[in-house]
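# Overview (structure and organization)
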Amino acid sequence: MQTLLREIRKTPLLWTLAFVPIVLVAEAVAPHSHTLLFVLAVLAIVPLAALLSHATEAVAAKTGDAVGGLLNATLGNLTELIIAITALRAGQYMLVKASIAGAIVTNAVFMLGACLLLGGLRYHVQEYNRASARLSSGLLLMATVALLAPSAVADLEHLPQGGGILNKLSLGISVLLILAYGLGLLFSLRTHKELFASAGHGDDDKEAHWPIGTAVGTLLVVTVLVALVSEIFVESVQKAAETFGMSPAFVGFIVVSLVGAAAEFAVAFAAARKDRLDMAVSIALGSASQIALFVAPALVLLSYVVGPKPMDLQFWPGAVTMMMIATVTSAFITASGRSAWFVGALMIFIYAVFALTLYVVPPAGQG
Amino acid sequence: MQTLLREIRKTPLLWTLAFVPIVLVAEAVAPHSHTLLFVLAVLAIVPLAALLSHATEAVAAKTGDAVGGLLNATLGNLTELIIAITALRAGQYMLVKASIAGAIVTNAVFMLGACLLLGGLRYHVQEYNRASARLSSGLLLMATVALLAPSAVADLEHLPQGGGILNKLSLGISVLLILAYGLGLLFSLRTHKELFASAGHGDDDKEAHWPIGTAVGTLLVVTVLVALVSEIFVESVQKAAETFGMSPAFVGFIVVSLVGAAAEFAVAFAAARKDRLDMAVSIALGSASQIALFVAPALVLLSYVVGPKPMDLQFWPGAVTMMMIATVTSAFITASGRSAWFVGALMIFIYAVFALTLYVVPPAGQG
Amino acid sequence: MQTLLREIRKTPLLWTLAFVPIVLVAEAVAPHSHTLLFVLAVLAIVPLAALLSHATEAVAAKTGDAVGGLLNATLGNLTELIIAITALRAGQYMLVKASIAGAIVTNAVFMLGACLLLGGLRYHVQEYNRASARLSSGLLLMATVALLAPSAVADLEHLPQGGGILNKLSLGISVLLILAYGLGLLFSLRTHKELFASAGHGDDDKEAHWPIGTAVGTLLVVTVLVALVSEIFVESVQKAAETFGMSPAFVGFIVVSLVGAAAEFAVAFAAARKDRLDMAVSIALGSASQIALFVAPALVLLSYVVGPKPMDLQFWPGAVTMMMIATVTSAFITASGRSAWFVGALMIFIYAVFALTLYVVPPAGQG
C-alpha cells in the first residue's frame, strides 16, 4: 500500500486520481449533468489507465517471463476493452466499432507520428532497428487485413435481410483471429522472443519492487474502478457529444482511443524522447495489432454474453479505408528505419485530416 | 516410354494417375453422379498437372535456354488455362473470373504463406535474396494493377446498357497486358536473365534425361487428358458445388486454384523445406504475375473464339480488393528478405478469412 | 536580353516559342477553329513552360539558397497552376480536379516510369540513393493520403443536399495541407536540407549567369504569356476534346498533365540518361507531392476569389483509386534503390491502362 502511495506521490499524472471519487459522487448527485460527467469521467480514466498499466507490469514482473509476457500482452489494452464492454452492454455498437477502428488508427498513425515528431525535435535523424519495425508492421498489416476482410471483401449490400449470415461470418472470423493471436503469443513469448527483446515496456527498475499482493490488489481494484467510471463515461458520452456537436463515431474513434491509450502514449513518448524509437515503434504497432487480433474478436464473442444482441465485424466503409491507410502508411514509414521530425508531423496531419473529416461528415449508419 | 514409367513408379503422387481412366469410365457409366465425378476429376487432375509440369520442363531442358525458358514460362499455368478454357466454352464466366482472381490470391498468399510456414517450422529464421524477391513482387504488383485498373478505376456502374464499351476496354487492356508479358519474357529470358537465375525450377538432374520424343509425346497426351478431365470437372462442379453449399465463385476461387496449382505447390514446398526460399518465393510470385499478364488476357482473347459471347475483365468488387490486398501484402512481406514461421501462419490465416468470407457471402452477380 | 536570345538559339525546343504569337493571332483571326487553336496552344505552352522553368531557376540562383529554394519549390508547377486557375475562372471544375489528379499520377507513374525506362535502356542496372527516394515517396504517400482523405473516408453519398458541408471540409483540409506544405519547406530548405542535396535541378552552369533583371523580366513576361495562352487552351479544349472524342476528365488528367509538366520531363529524362536517377526520382516524386500539398489546396482557396463558386476536394472514385495506386506503386518501386528497363516499361503500361480506361469510360459526374 505504501509502495502504491509512493508511486502516486512521485507521478503527477496520478494526482488526477482524485477525479475518480469526484466523478462517482457527481454521478450520484447530478446524474443528468452529462457534459460535466463526461469531462470528469475522461479526467478520471486517464490516471486509472496509467495505474492499470503499472499494476499489470508489476504483476508481470513477479510472475516470470512466460506468464508475465502473456499478462502484459493481454491486459495491455485493458482500459479500451473495459470501455468497449461497457458500451457493448449498453448496446452502443457504433461506439464499440468506432473505438476498435479508432484504436488501430490512433496507435498506428497518431501515436507513431507523435513519437517520430517528439523524437525528431530532439534528435536530427533517428535510426532504429528496421528488422523489428518491419516485423511489427508486417504483423499489424496482416492482422488488419484479417479483421477487415469481411467488410472489404464481402458483397454485403446484397445480403438478405436479417443479417444472420453476417453474425455467423463474424463469429467464424473472430475464432480465427483469436487463434492467430494465440499463435502470435507463442511466437513472441516463446519461439522467437529474441526478436521482440527491445520491445519490453522498460521501467522495470520502477515497478519491479512492488510486492505481488499490492500489484494484484491494485490490478483488481483499478479494474473495478475503470469499469465503474467507464459506465458513467459511456452513459454521458452520447448526450455530451451532442452538446459538443460530435457523433458517436467521432467520440469512439477519437475520444475513446485517445483516452484509452493515454497510458501507453506516456511510455512511448518518453521512449521516443530518449532516442529509443525501437521501443516506441514496437509499442505503437504492437498495441494496434493487439486491438485487431484480440480486442475486436473478444468483443464479438462477449457480445453473445453481455450484449443485447450479437455484434458483427462489419465496419462502415470510411473506417475500413482509414484502417487500411493507417497500416499501409505506418508499414511504409517504419520500413526505412530512419526518421526525422517532418515524417512525424505529416502523420499527425493525416490524423488531423481523418479527425476533421469524421467530425464534419459522420458516417450515415449508426448500427 | 520406359523413362516415363520409371518416373511414375518413383513418384507416389503419380500413382493417382489411375483416377484418370476411372473418371473417364465413371463419366460414361454414371453421367449424373455429379459429386462423385467432381471428386474423381479433382483426384485425376492433380497428378496430370504434376506430369504436365514435368513434361514441360523436360521439353524445355532439351530445347535450350531461350525456347525452354519461354516454354516453362508459358506453359507453367497450363492446367489453370485448360480448366478456364473449358469453363469459357461452357459460358461459365463467373467460374473463369473467379479462377483468375483465385489463382493470383492463392499463389501470392496461400502458396507463399505455406512456403514460409513450412520453411519456418524447420529453420528458426530464413533469409533470402531481397533484391530478387523485391523484383518479383514489384512485377506482380504492377501486373495486378494493370489487370485491375478497369474494375478499380472505371465508373462502371454508370455505363449505358449493352456493355459493348466494357468489352472494347477489356480487349484493349488484354492486348496491352500480353504486350507487357512479351516484354517481360524478353527481360527475364534475355536482357536480365541473371536476375532470375535462382528461380529455375531445379530438379534438372531428374528430368534432363527424358528423351525429347517421350517429353513432347507426354506433353501432348497429358494436355489432351487434362482437357478431357477438365470437361468433366467443369460439368460436374456446378451441381457438386450446390451439394457442398459452394457458390461458383468459391469453387473457382479456392477449389480450381488449389487443384490447378498443385504441381507448383509441390515444387515450392520442397524448395522451402530445403531453405531455398528464393526459389519458393519466385515460383509463388512469378506464377501469380503470369496469371495476371498472360492467362487472364489470353482468356479474354480466346473468349472471342471459343466462348458463347466475349468475356470482359470486370471482376466483382470483393475480388478486386482481395487481389490488391494479396499483392500489397506479399510485396510487403517479401521486402524484408527474412521470415519466421508466424509470418507464414498469418498469411494462411488471411487466406482462410478470405475463403470463409467467400463461402459464407458469395458475390451477388453471377456474370 | 541577349542572354535570353542566346539561350533560345541553343535550345531547339525554344524555337517553338514561335507558336506563341501564332496562337495569339489565330485566336483573333479564327476564334471558332477550336481544334486548330487547341493544337497551337499546346505547341505554345510547352516551350513557355520550359522557359518559365529556366527563368525560375535563374532567379533562384541569384537570390541565395533559402529564397531560391522557396521560389523553385513554389513555382515548380507554375504552368499547371496557371492553366488550372484559368479553368477555375471558367468554372470548369471537372477539368481542374482531373488536372490535379492527373498531375499526381503523371508525375508519379509516367514521369518516373519513363525515367526508369530511358535510364534502363542505356544502363543495365541503375542504382540510386534508397534513403532519399524513400523519403520522397514517403512524403508523397502521406501528402496524397491527406489530400484524398475526405473523398476516401467520408460517407459523402449520404450528405444532405446543398453541399455546404463539403465546402467547409475542403476549406479546412486545404488550410491543413498548406500548413503541412509550409512545414515541409522548413524541413527541406532549412532543418534537413542535406537530405535533399542531390535533388537540385542541376544545370546551374547554364542558368547561373543570367543577369537578375533578365531573369525576373523573363519570369514575369512568360507568366503573362502562359496565362494568355492558357485562356485560349481552356476555351478551345472542351470543343476540341469533343472532336477527338475526349471527355474533360481525360483532357485534364492526361493532356493538361503532360503539357504542364513537359519542362520537368525534359530535366528528369536528361538526368535519368546520365545515370543520375536520384535527381530524376526526386523531381518526379517531389513534383507530385507539391501538387497534393500546395497546388490542390491553393486552387480550393483561390476558387473563393476567382471562381464562380467554391471548389471542393471531392474527386470521383476512379481518380481516388488511381492516385492511391500511383503513390503506393511508386513508393514500392523506389524503395529498392535499383532499377532496370522493364520496371519502367511496366509503369508506362500502367499509365497506358489508366489512360485507356479513362478514354473509354469517362467518369459520370462532370462536377
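How each quantity is defined
- Residues numbered from 1 in each chain as written.
- Chains lettered and ligands numbered in written order.
- Predicted model: local features only at pLDDT ≥ 70, side-chain atom pairs only at ≥ 80, totals over all residues.
- Heavy atoms only, no water.
- Helix = DSSP H or I, 4+ residues; strand = E, 2+ residues; numbered from the N terminus.
- Rg over C-alpha atoms; globule rule 2.2 N^0.38 Å.
- Buried < 20%, exposed > 50% of the residue type's maximum accessible area, 1.4 Å probe, protein only.
- Contact = heavy atoms within 4.5 Å.
- Lys, Arg positive; Asp, Glu negative; His and termini not counted.
- Charge placed at Lys NZ, Arg CZ, Asp CG, Glu CD.
- Expected span 1.5 Å × (residues − 1).
- Buried area = accessible area lost by both parts, 1.4 Å probe.
- Salt bridge = Lys/Arg side-chain N within 4 Å of Asp/Glu carboxyl O.
- Polar contact = N/O pair within 3.5 Å; in protein donor to acceptor, adjacent residues only side chain to side chain.
- Nonpolar A, V, L, I, M, F, W, Y, C, P; charged D, E, K, R; others polar.
- Least-squares fit on C-alpha atoms with pLDDT ≥ 70 in both.
- Axes fitted to C-alpha atoms, helices over the stretch in contact; angles between N-to-C directions.
- Parallel < 35°, antiparallel > 145°, perpendicular 65-115°, else oblique.
- Patch = residues over 30% accessible without salt bridge, like charges linked within 9 Å, V, L, I, M, F, W, Y side chains within 5 Å.
- Areas by Shrake-Rupley, 256 points an atom, 1.4 Å probe, with all protein chains shown as cover.
- 1 Å grid on protein atoms, 1.4 Å probe; cavity = no way out; pocket = protein on both sides within 12 Å on 5 of 7 lines; lining within 4 Å.
- Points joined across faces, edges and corners; volume = space filled by probe spheres on them.
- Phe/Tyr/Trp six-rings, centres within 6.5 Å; stacked < 30°, edge-to-face > 60°.

Helix and strand content of chain A: 16 helices and two strands. Taken against the 2.2 N^0.38 rule, which gives 21 Å for 367 residues, the C-alpha radius of gyration of chain A at 20 Å falls within 12% of a compact globule. Taking the principal axes of the C-alpha coordinates as reference, chain A spans close to 55 × 50 × 35 Å. Within chain A, the fraction of its 367 residues that count as buried is 60%. Across chain A, contacts joining residues at least 24 apart in sequence account for 85% of those joining residues at least 6 apart. Across chain A, the 19 positively charged side chains and the 20 negatively charged ones have centroids separated by 4 Å.

Residue and element names in this part refer to chain A. With 12 residues, helix α6 (residues 78-89) extends 16 Å from end C-alpha to end C-alpha; this agrees with the ideal 16 Å at 1.5 Å per step. In terms of burial, α6 is largely enclosed, as 10 of its 12 residues are buried. Positive phi appears at Gly-91, one or two residues downstream of α6, with a value of about 75°.

A few words now on the interface of chain B and chain A. Each side of the interface is counted separately: chain B has 32 residues, and chain A has 38 residues. Buried area between chain B and chain A, both sides added, is near 3,100 Å², and the carbon and sulfur share of it is 83%. The interface formed by chain B and chain A contains zero salt bridges. One can count two residue pairs in polar contact (both at pLDDT 80 or more) joining chain B with chain A. Secondary structure elements with two or more residues in the side of chain B that touches chain A: α8 (130-153), α15 (317-334) and α16 (341-360) of chain B. With 13 residues, α16(B) is the largest single contributor of residues to the side of chain B that touches chain A. When the residues that make up the side of chain B that touches chain A are grouped by side-chain class, the tally is 23 nonpolar, six polar and three charged.

Another point: the relation of the copies chain C and chain A. Placing chain C over chain A gives an RMSD of 0.1 Å and needs a rotation angle of 120°, together with 0.0 Å of translation along the axis. Accordingly, the operation relating the two chain copies is best matched by a three-fold axis.

The two copies are related by a screw operation: chain B maps onto chain A through 120° of rotation and 0.0 Å of translation along the axis, at an RMSD of 0.0 Å. Mapped onto chain A, only 12% of the interface residues of chain B again fall at the interface, so the copies present different surfaces.

What follows covers the packing of helix α15 (residues 317-334) of chain A against helix α16 (residues 341-360) of chain A. Residue and element names in this part refer to chain A. Running from amino to carboxyl end, α15 crosses α16 at an angle of 180°, the nearest separation of the two axes being 12 Å. The angle between the axes of α15 and α16 places the two elements in the roughly antiparallel class. Contacts between α15 and α16 pair Met-322, Ile-325, Thr-329, Ser-330 and Ile-333 from the former with Val-343, Met-347, Ile-350, Phe-354 and Leu-358 from the latter. A breakdown of the residues in the contact of α15 with α16 according to their chemical character gives eight nonpolar, two polar and no charged.

Glancing now at a nonpolar patch on the surface. On the surface, Leu171(B), Val175(B), Leu301(B), Tyr304(B), Val305(B) and Val306(B) cluster together into a nonpolar patch covering about 480 Å² of accessible area. Only α9 (164-191) and α14 (277-306) of chain B provide two or more residues apiece to the nonpolar patch.

Turning our attention to the interface of chain C and chain A. With 36 residues of chain C at the contact, the number on the chain A side is 32 residues. Both sides of the chain C and chain A interface together cover about 3,100 Å² of buried area, and 83% of this is carbon and sulfur. When the buried area of chain C at its contact with chain A is split by residue, Arg134(C), Met142(C) and Val153(C) rank highest and sum to 22% of it. If you look at where chain C meets chain A, you find two residue pairs in polar contact (both at pLDDT 80 or more). Counting only elements with at least two residues in the side of chain C that touches chain A, the list comes to α8 (130-153), α9 (164-191) and α15 (317-334) of chain C. With 15 residues, the single largest contributor to the side of chain C that touches chain A is α8(C). Considering only residue class, the side of chain C that touches chain A consists of 25 nonpolar, seven polar and four charged.

It is worth spelling out the pattern of salt bridges at this point. Taken as a whole, this structure holds nine salt bridges over all chains when the rule is applied. Notably, a salt bridge pairs Glu231(A) with Arg89(A), separated by 3.9 Å at the nearest N-O pair. Here Glu231(A), found in helix α11 (residues 212-244), pairs with Arg89(A), found in helix α6; they are 142 residues apart in sequence, far enough to count as distant. Arg89(A) gets classed as partly exposed once you look at its relative accessible area, which sits at 49%. Asp312(C) is the partner of Lys97(C) in a salt bridge, and the nearest nitrogen-oxygen pair spans 2.8 Å. On the criterion of sequence distance, the pair formed by Lys97(C) in helix α7 (residues 93-122) and Asp312(C) in the loop between α14 (277-306) and α15 is long-range, its members being 215 residues apart. We classify Lys97(C) as buried; its relative accessible area is 8%. In this structure Asp312(C) comes out as buried when scored by relative accessible area, which is 16%.

A word on empty space enclosed by the protein. Taken as a whole, this structure holds 13 cavities of 30 Å³ or more when the rule is applied. Estimated volume of the largest cavity: approximately 220 Å³. Along the walls of the largest cavity sit 18 residues, with Phe332(A), Val328(B), Phe332(B), Val328(C) and Phe332(C) positioned nearest its centre. Of all elements in the fold, only α8 (130-153) and α15 of chain A, α8 and α15 of chain B together with α8 and α15 of chain C reach the threshold of two or more residues within the lining of the largest cavity. Of the residues in the lining of the largest cavity, the class split is 15 nonpolar, no polar and three charged.

This part covers the packing of aromatic side chains. Following the criterion strictly, the structure yields 30 aromatic pairs over all chains and no others. Between Phe187(B) and Trp341(C), the ring centres sit 5.5 Å apart and the planes meet at 90°, which makes this aromatic pair edge-to-face. Residue Phe187(B) is located in helix α9, and its partner Trp341(C) is located in helix α16 (residues 341-360); the two belong to separate chains. Relative accessible area serves as the criterion here: at 0%, Phe187(B) is assigned to the buried category. One aromatic cluster is present, built from ring pairs that chain together Phe110(A), Phe265(A), Phe269(A) and Tyr351(A).

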